[in-house]
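Survey of secondary and tertiary structure
Each chain is listed here by its residues.
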Amino acid sequence: MSNSQAVVLSESIPVKQVRYNEQGLVPAIIQDYLDGTVLMMAWMNQESLQKTLETGQTCFWSRSRQEFWHKGKTSGHFQNIRWLRYDCDSDTLLVGVEQVGNIACHMGERSCFHLVDGKVVPPPADILSQLFDVIRDRRDHPQEGSYTCQLFAGGDNKILKKIGEESAEVVMACKDDHKESIAAEVADLFYHTLVTLAYHNVELRDVYRKLDERRSQNK
């Protein structure tokens, strides 16, 4: 992060107005800036928050070691901050980051919230990302009777034909101005578009990055 970017970030949140607890700490929830996945939770004090804002990377306060820790300093899995905000009571931070290496947990998982009944389960993200994961699983582990697998088996010709059909149906639903039909047809188009991405080994996150770049350019 450049110095000018750090200055802008440091002006985005008044450090002294954050409400710290009796130990001088505030919880910081770290979230993937693209798909919304909650990656981890850690504590910051006023000084570590200031360091975070100045460097553009997360810096926390360890209650057990009683020292600062710059996330990623030993592992290389830094968290580059994209945005930062606090809640309505000013006593909790929400930090949107780009997670280097896609690993936030010390156990080598993407998120610290990866266990369900003792089993490793990917943490929830936005619905498109979750659906994309299912589609890629069908691509890599075909299941008999799966419509998604039938599309993959048909290749580009079958998949792209469906893209054309679903696009036309979106147009017709819009012409009829029927909100429920529009939502349903757009959902179908989204699904078949995700299949297309998976078939061509294009990551959904790459699409998100393009959208984020364009949003930033058109502020």
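Residues numbered from 1 in each chain as written. Predicted model: local features only at pLDDT ≥ 70, side-chain atom pairs only at ≥ 80, totals over all residues. Heavy atoms only, no water.

Right, let's get into the overall build of the chain. Along the chain, the regular secondary structure elements total six helices and eight strands. For the chain, the succession of helices and strands along the chain, N to C, is α-β-β-α-β-β-β-β-β-β-α-α-α-α. In terms of C-alpha radius of gyration, the chain reaches 21 Å, well past the compact-globule figure of 17 Å for 219 residues. Relative to its 219 residues, the chain shows a buried fraction of 36%. Carbon and sulfur atoms make up 52% of the accessible area of the chain, which amounts to about 13400 Å² in all. Side chains of the chain carry 25 positive and 31 negative charges; the gap between the two charge centres is 4 Å. (Helix = DSSP H or I, 4+ residues; strand = E, 2+ residues; numbered from the N terminus. Rg over C-alpha atoms; globule rule 2.2 N^0.38 Å. Buried < 20%, exposed > 50% of the residue type's maximum accessible area, 1.4 Å probe, protein only. Areas by Shrake-Rupley, 256 points an atom, 1.4 Å probe, with all protein chains shown as cover. Lys, Arg positive; Asp, Glu negative; His and termini not counted. Charge placed at Lys NZ, Arg CZ, Asp CG, Glu CD.)

The next point concerns helix 2 (residues 46-55). If you check which residues of helix 2 are buried, you get Ser48, Leu49, Thr52 and Leu53. Down the axis, helix 2 shows its buried residues gathered within 140° of arc, on one side only. Its side-chain oxygen at 3.2 Å from the backbone nitrogen of Glu47, Asn45 defines the N-terminal cap of helix 2. Following helix 2 by one or two positions, Gly56 adopts a phi angle in the positive range, close to 80°. (Arc of directions from axis to C-beta. Polar contact = N/O pair within 3.5 Å; in protein donor to acceptor, adjacent residues only side chain to side chain.)

Core analysis: the largest hydrophobic core is formed by 18 residues, its most contacted members being Ile30, Met44, Leu49, Phe60 and Leu93. Excluding anything up to four places from it in sequence, Ile30 contacts Thr37, Val38, Leu39, Met40, Thr58, Phe60, Gln79, Val95 and Val97. One finds Tyr33, Ile135, Val195 and Leu197 within the second-largest nonpolar core, a separate group that totals 14 residues. (Core = buried A, V, L, I, M, F, W, Y, C linked by side-chain atoms within 4.5 Å. Contact = heavy atoms within 4.5 Å.)

As a further point, take the domain arrangement of the chain. Domain annotation of the chain identifies domain 1 (2-120) and domain 2 (127-218). Centre-to-centre, using C-alpha coordinates, domain 1 lies 33 Å away from domain 2. Across the boundary between the two partners, domain 1 contributes seven residues, which contact five residues of domain 2. Between domain 1 and domain 2 the total buried area reaches about 510 Å² when both faces are included, carbon and sulfur atoms providing 48% of it. The largest share of the area that domain 1 buries against domain 2 comes from Tyr33, Leu34 and Asp35, three residues that together contribute 74% of it. On the surface where domain 1 and domain 2 come into contact, there are three salt bridges. Among the salt bridges present, the one from Arg205 reaches Asp35, with a minimum N-O distance of 3.4 Å. Remark: the boundary between domain 1 and domain 2 carries two residue pairs in polar contact (both at pLDDT 80 or more). Looking at the side of domain 1 that touches domain 2 residue by residue, the classes come out as two nonpolar, no polar and five charged. (Domains from an automatic or database assignment. Buried area = accessible area lost by both parts, 1.4 Å probe. Salt bridge = Lys/Arg side-chain N within 4 Å of Asp/Glu carboxyl O. Nonpolar A, V, L, I, M, F, W, Y, C, P; charged D, E, K, R; others polar.)

Pairing in this open sheet of four strands is mixed, and the strands run 2-1-6-5 from one edge to the other. The open sheet terminates on both sides in strands that have one partner only, identified here as strand 2 (38-45) and strand 5 (79-86). Within the sheet, the average angular offset between the axes of one strand and its neighbour, ignoring direction, is 30°. Summarising the sheet, strand 1 (residues 25-32) and strand 2 pair through seven bridges and their orientation is antiparallel. Considered in strand 2, the bridge of Gln31 is made with Val38. In the packing of helix 2 onto the sheet, the strands contacted are strand 2, strand 5 and strand 6 (93-99), and the crossing angle to strand 2 comes to about 120°. (Pairing = 2+ DSSP bridges. Axes fitted to C-alpha atoms, helices over the stretch in contact; angles between N-to-C directions.)

Here we take up the side chain of Gln99. With respect to the helices and strands, the residue Gln99 is situated in strand 6. Separated by 3.4 Å, the side chain of Gln99 and the backbone oxygen of Phe78 make a polar contact. Here the side chain of Gln99 touches Gln79 through a polar contact of 2.8 Å, side chain to side chain. Discounting chain neighbours no more than four positions away, the residues touching Gln99 are Leu39, His77, Phe78, Gln79 and Ala104.

This part takes up the UniProt feature "domain: Phosphoribosyl-AMP cyclohydrolase" (unreviewed entry) in the chain. According to UniProt, the positions carrying the feature "domain: Phosphoribosyl-AMP cyclohydrolase" (unreviewed entry) are residues 40-114. Between the end C-alpha atoms of residues 40-114 the distance is 10 Å, and the span holds 13% helix and 39% strand. (UniProt positions renumbered as here; feature names shortened; annotations may be inferred.)

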